[in-house]
Amino acid sequence: MAYTREDILRIVQEEDVQFIRMQFVDVFGRLKNVAITASQLTKALDGQIMIDGSTIEGYVGVNQSDQYLHPDLSTFAIFPWRPMRGKVARMLCDVCNPDGTSFVGDPRSVLRRVIARAESMGLTLMAGPECEFFLFKTDDAGQPTTIPSDKAGYFSMAPQDQGESTRREVILALEEMGFEMECSHHESAPGQHEIDFRYSEAMEAADRMMTFKLAVKTIAQRNGLYATFMPKPLDGVNGSGMHINMSLFREGRNIFYDPNGMHGLSREAYAFIAGILAHVSGLCALTNPLVNSYKRLIPGYEAPCYITWSSGNRSSLIRIPQVDGEATRVELRSPDPCANPYLALSACLAAGLEGLEQDMTPPSEVTDNIYAMSAAQRSYLGIQTLPTNLHEALEAMKKDSLILDVLGKHIAGAYLQGKEKEWEEYNSRVSRWEVDTYLAEY
């Protein structure tokens, strides 16, 4: 919503808002905030709330630590799950240098630059994430367990689906915050759920993803449950994905739609697909950022691991949902909900735009079940695989000049350094599997 400064001052007074959370996002997609009282709101609206950037991983060193939060007024919202007296609101903020310029390490600034590039071409990216998550029981101390909240499956109903009331509360809360919710349901694994909200412009979609995750975790906790967006928390069942649906609009028209094109897709849509496929390995470290992410991207659990596209084949990396007109879109199925949505959308949009600029053509569609193919069949068809672990993804990212340029030197360096440290720590730890397999045997 297009709030003005005066709107926010008035609403805070009329609604008895006592606290405002000035939220921002670090390089790795973790939501942070500084809470201020209503008495400090004028100062906040003037961009005078300072943070110590040296305390935020991937930001700056102690020699240049002063940074300022500049609120995006359109993101002002009251949290419905907080007390009705002494309410709590939030504003998402851009992180700026003392001179008011954008901080190069702010993920929102990365997406803003790519959006500006698209706008220079007369284009607007619309995006709609489909986010999955697990609800687990907590122990007597309130700490999370890995015991699912139910044993239900796809599209189950109560009483088998014991997360139904939590999903309902999340949806109602988000609708109060201005989201247009589309659907929700139980997913295939025990305790696994999906809630979908309507697509929106790229920046708003990324902002809403951050708010969505906060709402799910907060409301689950209030109900005595623990919500996790970890991609693969349980062995032997599907992991949680965050499929990203994308379309490009020019002058209010979806340019991906062509009623005379194959599958109803335009030449621009195919060029966009080709651009993403050309860079998908390089952006994998952004869309699938954890060591655990690659435990999900394996055959047999509905998550794609082969670099292909199809009009309907759900074993493909990119799928074209069976819709047309303004709803025509490209669905990238590999991302998971631990991705920093600002960086993931920036990389996807930049890759797709390169496809348009170079009039790229994607490889042939793969309509058969890729999981059922032998290695020889895949090789014959020229089907390549996504990186199989975080290390491979980071190496692919280092070789992709487009992705590095999109992130900028600061964020690319901080991101690679942090993720390489994560990989090194993982490799140095003794896992439960190693103990179970080797201890008694040797």
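Residues numbered from 1 in each chain as written. Predicted model: local features only at pLDDT ≥ 70, side-chain atom pairs only at ≥ 80, totals over all residues. Heavy atoms only, no water.

**Q** Help me out: how do you make sense of the pairing of strand 3 (residues 49-52) in this one?
**A** Put simply, side chains in a regular strand alternate between the two faces of the sheet. Residues Ile49 and Ile51 of strand 3 are buried on one face, while the alternating residues Met50 and Asp52, pointing to the opposite face, are not. As paired elements, strand 3 and strand 4 (residues 66-71) share four bridges and run antiparallel to each other. From the neighbouring strand, Ile51 faces strand 4, where its bridge partner is Gln67. (Buried < 20%, exposed > 50% of the residue type's maximum accessible area, 1.4 Å probe, protein only. Helix = DSSP H or I, 4+ residues; strand = E, 2+ residues; numbered from the N terminus. Pairing = 2+ DSSP bridges.)

**Q** When you look at unusual backbone geometry in this model, what are you seeing that I'm missing?
**A** Comment: phi is negative for the bulk of residues other than glycine, and the bulk of peptide bonds are trans. Put simply, Ala158 and Pro159 share a cis peptide bond, and its omega is 10°. For Phe155, which is not a glycine, the phi torsion comes out positive at approximately 60°. The residue Phe155 is located in the loop between strand 8 (144-148) and helix 4 (164-176) in this model. Since its relative accessible area comes to 59%, Phe155 is described here as exposed. Even without glycine at this site, Asp359 takes up a positive phi of about 50°. Turning to its location among the elements, Asp359 is positioned in the loop between helix 8 (341-357) and helix 9 (375-381).

**Q** What am I meant to see in the environment of Ile370 here?
**A** Mapped onto the secondary structure, Ile370 falls in the loop between helix 8 and helix 9. Remark: the alpha-carbon pair of Ile370 and Thr308, spanning 62 residues in sequence, is separated by 9.1 Å. Contact partners of Ile370, with chain neighbours within four places excluded, come to Tyr306, Thr308, Asn313, Ser315, Ser316, Arg378 and Ile383. (Contact = heavy atoms within 4.5 Å.)

**Q** Quick question: what am I supposed to make of the side chain of Asn245 here?
**A** Among the secondary structure elements, Asn245 is positioned in strand 13 (residues 242-250). By relative accessible area, Asn245 is classed as buried at 6%. For Asn245, the side chain forms a polar contact with the side chain of Arg329, separated by 3.1 Å. (Polar contact = N/O pair within 3.5 Å; in protein donor to acceptor, adjacent residues only side chain to side chain.)

**Q** Is there a simple way to explain the pattern of salt bridges in this structure?
**A** Pairing is possible between side chains that carry opposite charge, provided their charged atoms lie close to one another. Enumeration over the complete set of coordinates arrives at 21 salt bridges. Its salt-bridge partner being Glu14, residue Arg10 comes within 3.3 Å of it at the nearest N-O pair. Here Arg10 pairs with Glu14, and both are found in helix 1 (residues 5-14), just four residues apart, close to one helical turn. In this structure Glu14 comes out as exposed when scored by relative accessible area, which is 56%. (Salt bridge = Lys/Arg side-chain N within 4 Å of Asp/Glu carboxyl O.)

Remember that the coordinates give geometry; whether it matters functionally is a separate question.
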